[in-house]
Amino acid sequence: MKDLTRMRVGVLASAFFVLFGAVSGQAATATFTDFASTNSVALHPELVISDVGGNKFSVSATLVAPEYGDLEAIFFDLAGGLSNADLAMVTLTSVAPSSNTSGNFSYLFQNGINAKTYGGSGTQCGSNVLSTNALALPLFEGVGCLRSTGSNQPNDGVNPVLLTLYDGSMKLTLASFTGIGLRYKSSSNGSDKLYSMTRVNEVPLPAAAWLLIGGLGGLAAMKRRKS
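So, here's what we can say about the structure. Each chain carries its own residue numbering, running from 1 in the direction its sequence is written. Only residues with pLDDT of 70 or above have their local features reported here, since the model is predicted, and side-chain atom pairs are shown and tallied only from 80 upward, although totals for entire chains, interfaces and linings are computed over all residues. Think of the side-chain values as coming from all heavy atoms in the structure, minus any hydrogens and water.

Pairing between strands is defined by DSSP: at least two bridges between the two strands are required. To qualify as a helix, a DSSP run of H or I must reach at least 4 residues; to qualify as a strand, a run of E must reach at least 2; elements of each kind are numbered from the N terminus. Across the sheet, six strands lie side by side as S6-S9-S4-S3-S1-S12; this open sheet has antiparallel pairing. Each end of this open sheet is capped by a strand with a single partner; those strands are strand S6 (90-96) and strand S12 (198-202). The mean angle between the axes of side-by-side strands here comes to 20°, regardless of whether they run parallel or antiparallel. Relative to strand S9 (residues 161-167), strand S4 (residues 56-63) runs antiparallel, the two being bridged by six bridges. Within S9, the residue paired with Ser60 across the bridge is Leu162. Axes here refer to lines fitted to C-alpha atoms; in helices the fit is confined to the stretch in contact. Angles between the N-to-C directions go from 0 to 180 degrees.

Written out as structure tokens, the structure reads:
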């Protein structure tokens, strides 16, 4: 009887340990789809933000094949009452393409609280604006924009574009990202400006879940056998 009890406890403990250990090692994500477009022929990007820990978020912008384009800017609609001082501590770097390409490339996170568009003389993001034309835009708190000092932009042909956002204020969470705007140039439809607040939250369920289900099934079988 004691052996049977130990077996039950062991099966459950092992399954729960593996399950929750695997869950904690996987990043939760927010996926933005269904973008409204300023063009009659729209692009169809997918924007995925993952909380990877250490106050860092990975950002992936992918165009559905055979669409193509250069991602010039990402606009962030952020909840949580972040101040300009908070946003000044947020940085954005490029993973793909490499920010070291030819030494002429970077992504900047520009603090733009209460702004609908960016651009104009003296602004970091220049002409990388998200127009209000045909879009009901929120008040964006920030924008990540492409900066190139060379004749060629090194993100040409890169899909997906992969970025890392670092939150020095330690106030951002995955729930902070409530809307995303995208600005594409040189795309398969000429140029496109898009906005989405349609998000899907995902917490990946690991294969270890099946161990838990199997363990519970084993306990049920032992109980039936005892009866």
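Don't stop here, the text continues.
Moving on, we get to the side chain of Thr29. Within the fold, Thr29 resides in strand S1 (residues 29-33). Note on Thr29: relative accessible area 13%, which makes it buried. By definition in these notes, contact holds between two residues if any of their heavy atoms fall within 4.5 Å. Discounting residues that sit within four places of it in the chain, Thr29 has contacts with Val48, Ile49, Ser50, Leu174, Val200, Asn201 and Glu202. Between buried and exposed lies partly exposed: a residue is buried under 20% and exposed over 50% of the maximum accessible area for its type, with that area taken using a 1.4 Å probe on protein chains only.

Quick look at the nonpolar core now. Nonpolar cores were defined as sets of buried Ala, Val, Leu, Ile, Met, Phe, Trp, Tyr and Cys residues, with membership established by side-chain atoms within 4.5 Å. Core analysis: the biggest nonpolar cluster contains 29 residues, and Leu47, Ile49, Ile74, Leu165, Phe177, Ile180 and Leu182 have the highest contact counts within it. Those elements that provide at least two residues to this core are S1, strand S3 (45-53), S4, strand S5 (70-78), S6, S9 and strand S10 (177-187). Beyond its immediate chain neighbours, meaning those up to four positions away, Ile49 contacts Ala28, Thr29, Ala30, Phe32, Phe57, Ser58, Val59, Leu174, Phe177 and Ile180. By size, the runner-up hydrophobic cluster in this structure holds nine residues, among which are Phe75, Leu137, Cys145 and Tyr195.

Moving on, we get to the packing of aromatic side chains. Between 30 and 60 degrees the pair is tilted, below 30 it is stacked and above 60 it is edge-to-face, where a pair is any two Phe, Tyr or Trp rings, Trp via its six-membered ring, whose centres lie within 6.5 Å. Under the defined criterion, the tally for this structure stands at four aromatic pairs. Aromatic side chains Phe75 and Phe140 sit 5.4 Å apart centroid to centroid with 45° between the ring planes, which places their arrangement in the tilted category. Highlighted residues: Phe75 in strand S5 and Phe140 in strand S8 (residues 140-148), separated in sequence by 65 residues. With a centroid separation of 6.0 Å and an interplanar angle of 65°, the aromatic rings of Phe76 and Phe177 are classed as edge-to-face.

Attention shifts here to the environment of Leu146. Assignment of secondary structure puts Leu146 in strand S8. As for Leu146 and Phe109, which are separated by 37 residues in sequence, their C-alpha atoms are 9.5 Å apart.

Attention now goes to the side chain of Glu67. Within the fold, Glu67 resides in the loop between S4 and S5. We treat Lys and Arg as the positive residues and Asp and Glu as the negative residues; His and chain ends play no part in the count. A pairing counts as a salt bridge when a side-chain nitrogen of Lys or Arg comes within 4 Å of a carboxyl oxygen of Asp or Glu. Arg183 provides the closest opposite charge to the buried, salt-bridge-free Glu67, at an N-O distance of 14 Å. Polar contact criterion, stated in full: a pair of N or O atoms within 3.5 Å, where within protein one must be able to donate a hydrogen and the other to accept it, and residues adjacent in sequence count only if both atoms are side-chain atoms. A distance of 2.7 Å separates a polar atom in the side chain of Glu67 from a polar atom in the side chain of His44. Not counting residues up to four positions away in its chain, the partners in contact with Glu67 are Ala42, Leu43, His44 and Ser188.

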